[in-house]
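# Examining the three-dimensional arrangement
Okay, here's what each chain looks like letter by letter:
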Amino acid sequence: MMIRQAAKKALGITSRQSTPCSVGIFRSYHENVIDHYDNPRNVGSFDKNDPTVGTGLVGAPACGDVMKLQIKVDEKTGQIVDARFKTFGCGSAIASSSVATEWVKGKAMEEVLTIKNTEIAKHLSLPPVKLHCSMLAEDAIKAAVKDYKEKRVKTNGA
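Residues numbered from 1 in each chain as written. Predicted model: local features only at pLDDT ≥ 70, side-chain atom pairs only at ≥ 80, totals over all residues. Heavy atoms only, no water.

Before going further, it helps to spend a moment on the packing of aromatic side chains. A ring pair, where both rings are aromatic, is described by two values, the distance of the centres and the angle of the planes. Going through the model one piece at a time under the given rule, you end up with 0 aromatic pairs. The ring of Phe 46 is capped by Lys 72, whose NZ or CZ atom sits 5.3 Å from the centre of that ring. (Phe/Tyr/Trp six-rings, centres within 6.5 Å; stacked < 30°, edge-to-face > 60°. Lys NZ or Arg CZ within 6 Å of the ring centre and 35° of its normal.)

Shown next as structure tokens:
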């Protein structure tokens, strides 16, 4: 991401302009995808060994997208208080990750398990060929919750 921003700055290109190579990208992506791609929310990571953190790592071998989504949970309330992601993939994968982290914050773990890829895809107006990106986001949420719950069992000895 930083390389893209540095290149745009060096070329004097604003976020709404496009380079000759990216003209097709900006035409085919919905403005919500472009917004989350240019201004991703919650990029980063937490310490995966922190007992209050659940980590979901998922990938799509067909396209090479890899998504890591982490949740930080308040152990007293069971609510997700923060979320982070790191994604290697296309603009739709990055946007799907960004949206997912926004949507899980402040919610109970059982509630976030009801977030469906179709909701993410609809919000981003993803074309059918990019639906796998929203599926990765849904799978990453589920994997993060599962990881957190498994850590709780180990920590509590239950």
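A few words on the sheet that holds strand S1 (residues 53-60). The strand order across the open sheet built from 3 strands is S1-S2-S3, with neighbouring strands paired in antiparallel fashion. Each end of this open sheet is capped by a strand with a single partner; those strands are S1 and strand S3 (80-88). Averaged over all pairs of adjacent strands, the angle between their axes in this sheet comes to 15 degrees, without regard to strand direction. Sheet contacts for helix H4 (residues 91-104): strand S2 (65-73) and S3; angle to S3, the most-contacted strand, approximately 175 degrees. Helix H7 (residues 131-156) rests against S1 and S2 of the sheet, and its axis sits at about 145 degrees to S1. (Pairing = 2+ DSSP bridges. Helix = DSSP H or I, 4+ residues; strand = E, 2+ residues; numbered from the N terminus. Axes fitted to C-alpha atoms, helices over the stretch in contact; angles between N-to-C directions. Contact = heavy atoms within 4.5 Å.)

Attention shifts here to the side chain of Thr 52. Topologically, Thr 52 is positioned in the loop between helix H3 (31-38) and S1. Ignoring any residue separated from it by four or fewer positions in sequence, one finds Thr 52 in contact with Ile 71, Lys 72, Val 73, Glu 75 and Tyr 148.

Moving on: the environment of Asn 117. Here Asn 117 is to be found in helix H6 (residues 117-124). Put simply, Asn 117 and Cys 133 are 16 residues apart on the chain and 8.4 Å apart in space, counted from C-alpha to C-alpha. Ignoring any residue separated from it by four or fewer positions in sequence, one finds Asn 117 in contact with Leu 131, Ser 134, Met 135 and Glu 138.

To continue, consider the pattern of salt bridges. Here the structure, examined in full by the defined rule, presents 9 salt bridges. A salt bridge links Asp 82 to Arg 84, with the shortest nitrogen-to-oxygen separation between them at 3.2 Å. Judged by relative accessible area, Asp 82 falls into the buried class, the value being 17%. With a shortest N-O distance of 4.0 Å, Lys 146 and Glu 150 are connected by a salt bridge. With Lys 146 and Glu 150 both in helix H7 and 4 residues apart, the pair spans about one turn of that helix. Residue class for Lys 146 comes out exposed when judged on its relative accessible area of 52%. Among the ionic contacts, a cluster of salt bridges with common partners joins Asp 82, Arg 84 and Lys 105. (Salt bridge = Lys/Arg side-chain N within 4 Å of Asp/Glu carboxyl O. Buried < 20%, exposed > 50% of the residue type's maximum accessible area, 1.4 Å probe, protein only.)

For the pair H6 and H7, interaxial distance at closest approach is 8 Å and the crossing angle is 130 degrees. Between H6 and H7, the interaxial angle falls into the category oblique. Helix-helix and strand crossings are classified by hand; for H6 and H7 the assignment is right-handed. Contacts between H6 and H7 involve Asn 117, Ile 120 and Ala 121 from the former and Leu 131, Ser 134, Met 135, Ala 137 and Glu 138 from the latter. Partitioning the contact of H6 with H7 into residue classes produces 5 nonpolar, 2 polar and 1 charged. (Parallel < 35°, antiparallel > 145°, perpendicular 65-115°, else oblique. Left-handed = near helix turned anticlockwise from the far one by under 90°. Nonpolar A, V, L, I, M, F, W, Y, C, P; charged D, E, K, R; others polar.)

Quick look at the pairing of S2 now. Inspection of the sheet shows S1 paired to S2 by 8 bridges, in the antiparallel sense. The residue bridging Gly 56 from the neighbouring strand is Leu 69, located in S2. Between S1 and S2, which follow one another and run antiparallel, lie 4 residues, and Gly 64 among them has a positive phi close to 90 degrees. Of the strand pairs in this sheet, S2 and S3 are connected by 8 bridges, and their pairing is antiparallel. Across the sheet, Gln 70 pairs through a bridge with Arg 84, a residue of S3. The loop that links S2 with its antiparallel partner S3 comprises 6 residues; one of these, Gly 78, has a positive phi angle of about 80 degrees.

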